[in-house]
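Fold and geometry: a report
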Amino acid sequence: MTVPTLRLGVNLGYWVGGNDASNLPLASLAEDLGYSAVWVSEAYGSDAVTLLSWIAARTSRIDVGSAVLQIPARSPAMTAMTAATLDTLSEGRLRLGLGVSGPQVSEGWHGVRFGSPLGRTREYVDLVRRALRREPLEYEGRHFTLPLPDGPGKALALTIRPPRERIPVYLAALGPRNLELAGEIADGWLPVFFSPAHAAQQLEPLKTGLAKSGRTLDGFDVAPGVPLVTGADWRACARRVRGYAALYLGGMGGRADNHYTQLAERMGFGAEARAVQERFLAGDYPGAMAAVPLEFLDATSLLGPRERIAERMTAFAEAGATTLNVMPVGPGLPGPGRAAEALRTAIEAAELAGLLGSGALADGSRPQGAHEAPHSQGDTLTHDHA
C-alpha cells in the first residue's frame, strides 16, 4: 500500500487566553522546521490581516494564510485589495481563507445580516476573483450590485498587479451544502473537528461540488485545523483540549443554531454534544468541559507521544487530509515554550510515519492550490454553516 504524503501547517489562532504577540515568533520556527504554511484567525479581537503582514515580513519561504477572513467584515473589493497587497509583499505566499462567520458575530459585531450565507459566499468569491484579475467590477447579483445603479459610482479595476492572478481561495465550511459549494468554487477547504473516522461523509458533498466544476480531489487542498498536545499520556493531553472543544460545541451559537454542535451530532456524538451545550449555556463551564467525550477529543486531535501522533497523522492522511494545520496554541493549549516543543514533535512524527514526501516542506514544491491553483468555475465563528 502506498503511503500518502502530507504537508504540515501551523495555525496560530488569534490573540485570546494567553495567546498573544509572544507566540508570533512560532511562525519563524515553523519556517525553519519546514512547515508549508502558517495561518492566523480572527473573531472580534485581533484581526488576521495585521498578523499576516507581521509574519510575512519576518519569513521568506513559508506560505501565510487567513483562517479565516470574515466575509461580513469587508467588501469583496476590500478583500481583493488586501489579498493583492499581501501577496505582493509576501512575494506570492498568500492563501486566502474566507468564511461567513456566524450570526452572533455577523449581526452583533459587524451589523451585517447573516441570511443566505451560501449565495453571499458564491457572489463574494466571484467578485474577489474578478477584482484580482483586474477586471472592472460590474456586477448584478442578489447580494452585491456594482456600481450602485442610482449614484455617481463607476466600474473600477484594481490598480496594482499582484504576483499571481489567481490567489488560492479556501473556504471554511461545516454543513453539506457549504461543503458542496467549497468543492465547486474554492481551491481548498479549512475544516474544523475533522475526524478520520468520519471524513467520508464530509468528503462526499465536497466531491459533488468538485464534479460540478470538472474536478476531483486531486489537487484540492483539504487542510483541517487539528489541536496538538504532546506528552506521554494521551488522556492527560486531551484535558488541555477540553476548553477549546467546549467553547465551540457549547458557546458558538444558541441552542438551535450552533452548527458545531450539529456537526458533532452528524459524527455520532449528538447526546454528548447537547449535554456540553446545555452546561455551557447555563454558565457551568467546568461542567461543559468535563462533558466533552474523550472519544471526540481523540478523534479530532493529535494527542500523546511522538509515536502515537505519527499513527494518527497517517490516519488523517489516509482519510483525505492533504495539509494538516496543527494548533499547538490557543485556549486550553500549551503556551509558547510548549508550543515550540510540540511543533518539533509534529515534524518528527510525520517523518517517523514517512508522510513527508516530495513537496511536503516549505522549501519544496507547494501544493497545486498554493501557487498555481487548479481551474474551477465560478470562530470562533469563522466557518460557513449551511
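Residues numbered from 1 in each chain as written. Predicted model: local features only at pLDDT ≥ 70, side-chain atom pairs only at ≥ 80, totals over all residues. Heavy atoms only, no water.

Examining helix H9 (residues 242–251)
Heads up, the rule is: A 1.4 Å probe rolled over the protein chains alone gives each residue an accessible area, and that area as a share of the maximum for its type sets the label: buried under 20%, exposed over 50%, partly exposed in between. Secondary structure elements are defined from DSSP: runs of H or I of at least 4 residues count as helices, runs of E of at least 2 residues count as strands, and each element is numbered from the N terminus.
Buried residues dominate H9, accounting for 8 of its 10 residues. Of all the positions in H9, only Arg242, Tyr244, Ala245, Ala246, Tyr248, Leu249, Gly250 and Gly251 are classed as buried. With its phi angle positive at about 125°, Gly253 sits one or two positions after the end of H9.

Let's talk about unusual backbone geometry
The peptide bond linking Ala67 to Val68 adopts the cis configuration, its omega dihedral lying at 10°. Going from Leu146 to Pro147, the amide bond is cis rather than trans, its omega being -15°. Along the chain, Pro147 falls in the loop between strand S7 (145–146) and strand S8 (169–171). Although it is not a glycine, Glu91 sits at a positive phi angle of roughly 60°. Along the chain, Glu91 turns up in the loop between helix H3 (76–89) and strand S5 (94–99). In this structure, Phe193 is a non-glycine residue whose phi angle is positive, near 55°. Mapped onto the secondary structure, Phe193 falls in the loop between strand S9 (188–189) and helix H7 (199–212).

A closer look at the packing of helix H6 (residues 176–185) against H7
Packed helices, taken two at a time, are described by the angle their axes make and the gap between the axes. Rule in force here: Between N-to-C directions, angles span 0 to 180 degrees; the directions come from axes that are lines fitted to C-alpha atoms, helices contributing only their stretch in contact. We call two directions roughly parallel when the angle between them is under 35 degrees, roughly antiparallel when it is over 145, roughly perpendicular when it lies between 65 and 115, and oblique otherwise. Rotating anticlockwise by less than a right angle from the far helix to the near helix defines a left-handed crossing, while the corresponding clockwise rotation defines a right-handed one. The criterion used for residue contact is that any of the two residues' heavy atoms lie within 4.5 Å. Residues are grouped as follows: Ala, Val, Leu, Ile, Met, Phe, Trp, Tyr, Cys and Pro are nonpolar; Asp, Glu, Lys and Arg are charged; every other residue, Gly included, is polar.
The contact between H6 and H7 brings their axes to 6 Å, and the two run at 40°. What the angle tells us is that H6 and H7 run oblique. Remark: the crossing between H6 and H7 carries right-handed chirality. Every residue of H7 that contacts H6 at Pro176, Leu179, Glu180, Ala182, Gly183 and Glu184 is listed here: Gln202, Pro205, Leu206, Thr208, Gly209, Leu210 and Lys212. Tallied by class, residues from the contact of H6 with H7 come to 6 nonpolar, 4 polar and 3 charged.

Describing H7
Residues separated by three or four positions in an α-helix point in the same direction, a consequence of the helix having 3.6 residues per turn. Stated formally: Helices are assigned an expected span. That span is 1.5 Å times one less than the residue count.
The terminal C-alpha atoms of H7, which comprises 14 residues, lie 20 Å apart, in line with the 20 Å expected from a rise of 1.5 Å per residue. Those residues of H7 that sit buried are Ala199, Gln202, Leu203, Pro205, Leu206, Gly209 and Leu210. Its buried side turned inward, H7 meets H6, S9, strand S10 (221–222) and helix H10 (259–266). In the segment just after H7, Gly214 is the residue with positive phi, at about 75°.

Side note on the pairing of strand S13 (residues 323–327)
The criterion, for reference: Pairs of strands are assigned from DSSP output, requiring at least two bridges between the strands.
When you tally the buried positions in S13, you get 5 out of 5 residues, the bulk of the element. Residues of S13 alternate between two faces, with Thr323, Asn325 and Met327 on one and Leu324 and Val326 on the opposite face, all of them buried. Bridge analysis of strand S1 (residues 7–11) against S13 gives 4 bridges, and the strand direction is parallel. Following the sheet pairing, Gly9 is matched in S13 by Asn325. In this sheet, S13 lies alongside strand S11 (residues 225–230) in parallel orientation, the contact comprising 3 bridges. Counterpart to Pro227 in the pairing with S13 is Met327.

Section: the environment of Arg242
With respect to the helices and strands, the residue Arg242 is situated in helix H9. Judged by relative accessible area, which is 17%, Arg242 ranks as buried. Spatially, the C-alpha atoms of Arg242 and Pro293 are 9.0 Å apart, while their sequence positions differ by 51 residues.

Structural notes on the packing of aromatic side chains
The criterion, for reference: Only Phe, Tyr and Trp rings are paired, with Trp represented by its six-membered ring, and only when their centres lie within 6.5 Å; those with planes under 30 degrees apart are stacked, over 60 edge-to-face, the remainder tilted. Here, a charge over a ring means that NZ of Lys or CZ of Arg falls within 6 Å of the ring centre while also lying within 35 degrees of the ring normal.
A complete count under the given rule lists 13 aromatic pairs for this structure. Each residue in the set Phe193, Tyr244, Tyr248, Tyr260, Phe269 and Phe296 is aromatic and connected to the rest through ring pairs, giving one cluster. In this arrangement the basic side chain of Arg308 is found over the ring face of Trp234, its NZ or CZ atom lying 4.1 Å from the centre.

Thoughts on the pattern of salt bridges
Defined as follows: Salt bridges are defined as contacts in which a side-chain nitrogen from Lys or Arg sits within 4 Å of a carboxyl oxygen from Asp or Glu.
Applying the stated criterion to the full structure yields 18 salt bridges. A salt bridge links Arg255 to Glu278, with the shortest nitrogen-to-oxygen separation between them at 3.0 Å. In this pair, Arg255 is assigned in the loop between H9 and H10 and Glu278 in helix H11 (residues 270–281), connecting sequence segments 23 residues apart. Exposure remark for Arg255: the relative accessible area of 48% places this residue in the partly exposed category. Its salt-bridge partner being Arg274, residue Glu265 comes within 2.8 Å of it at the nearest N-O pair. With relative accessibility at 33%, the residue Glu265 sits in the partly exposed group.

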